[in-house]
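Residue strings, one per chain:
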Amino acid sequence: MAVIDSTNSATAAASALSTTQKSKTSALGQDQFLTLLVAQLQNQDPLNPTDPTEFTSQLAQYSQLEQLFSLNDSMDRLTAATYSSQLYGVLGMIGQDVVVENDQFVIGDNPVQIGYRIDGNVTEASLVIKNSSGQVVNTLNASDLGAGNHFLTWDGKDSAGNTMAPGTYSIAINAKGAGGTSASLTPLVRSQVTGIDLSGTEAKIVTALGDFRLSSVYGAYTNQKNTTGNSSG
């Protein structure tokens, strides 16, 4: 009976392992595992075969490896399907009005809708509009102090009635609660979606008031105006 030289067996196993280590990935993949397993079976000593217990353990490990690969493939397909579903949903927002949590916006030639969200008790509130240099250009007094989202239309003019230049502006909200204590309100902007930007890791909606992250959108509505007042001081 021919006996396989143990040196040749070790050399063959080492060669298979070397091939595995030269793989582009540092993790032991399915193909590499099979290569090592087959090399071990082909080069085992017939007079001293592989321990059945160890061999069974290796087969169990291979089975687990297969299940992990199958699970990864399923998760990839699920992720792709979820992304496609979200993509179609986002594209369907074009032409709708969106409410976005943001304290900055861009103005052009048309009036803009800016607003605030109230979650608690508020007795008075005002929206201070500042230009890109941080200078106050106008103040809109909030008349609706109930809980929820409220909007005011700003005509793009300062407190003296002068039309402001197109550019980026910001909102600072001054609010008081019961007993005259300071209250915190969430600044909002409302604008129509004109496009969707998918170039980054997170989709952005494109509006006349700027580009906003999808995660900052409070809701989308049919394109219609919804204001609660317009006052300046």
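Everything numeric here is computed off the predicted structure, so don't read it as measured data.

On a plain count of helices and strands, the protein comes out with three helices and eleven strands. Counting from the amino terminus, the protein carries its helices and strands in the arrangement α-α-α-β-β-β-β-β-β-β-β-β-β-β. Across the 233 residues in the protein, those meeting the buried criterion constitute 30%. For the protein, long-range pairs separated by at least 24 residues make up 68% of all intrachain contacts whose partners lie at least 6 apart in sequence. When the accessible area of the protein is evaluated, it comes to approximately 14,000 Å², of which 50% is carbon and sulfur surface.

One finds Phe105, Ile114, Trp154 and Ile205 to be the most contacted residues of the largest nonpolar core, which totals 33 residues. Of all the secondary structure elements, the ones that give two or more residues to this core are β1 (97–101), β2 (104–107), β3 (112–118), β4 (124–130), β5 (136–141), β6 (148–154), β7 (167–176) and β8 (186–197). With sequence-adjacent residues up to four places away left out, Ile114 is seen in contact with Phe105, Leu127, Ile129, Leu140, His150, Phe151, Leu152, Trp154, Ile171, Leu188 and Val189.

This part is about the sheet that holds β7. Within the open sheet, the four strands sit side by side as β2-β7-β4-β5. Their pairing is antiparallel. Strands with a single pairing partner mark the edges of an open sheet, and in this sheet they are β2 and β5. Geometrically, the sheet is characterised by an average inter-axis angle of 30 degrees between neighbouring strands, direction not taken into account.

What follows covers the pairing of β5. Pairing analysis gives five bridges linking β4 to β5, with the strands arranged antiparallel. Opposite Ser126, over in β5, you have Asn141 as the bridge partner. The turn joining β4 and β5, which pair antiparallel and follow one another in sequence, is formed by five residues; a positive phi near 85 degrees is taken by Gly134.

Cut-offs used in this document
- Starting from 1, residues in each chain are numbered consecutively following that chain's sequence as written.
- Two thresholds apply to this predicted model, a pLDDT of at least 70 for residue-level local features and 80 or more for giving and counting side-chain atom pairs, whereas whole-chain, interface and lining totals are computed over all residues.
- As a rule here, side-chain values cover all heavy atoms of the structure and leave hydrogens and water aside.
- Under the DSSP-based scheme used, a helix requires at least four consecutive residues in state H or I and a strand at least two consecutive residues in state E, with every element numbered from the N terminus.
- Accessibility here uses a 1.4 Å probe with only protein chains present; expressed as a share of the type maximum, an area under 20% marks a residue as buried, one over 50% as exposed, and anything in between as partly exposed.
- Any two residues whose heavy atoms approach within 4.5 Å at even a single point are treated as in contact.
- Surface accessibility in these figures is a Shrake-Rupley result with a 1.4 Å probe; residues are shielded only by whichever protein chains are displayed.
- By nonpolar core we mean a set of buried residues, namely Ala, Val, Leu, Ile, Met, Phe, Trp, Tyr and Cys, connected to one another through side-chain atoms within 4.5 Å.
- At least two DSSP bridges between two strands are needed for those strands to be called paired.
- Axis angles are defined between N-to-C directions and span 0 to 180 degrees, where every axis is a line fitted to C-alpha atoms and, for a helix, only to the segment in contact.

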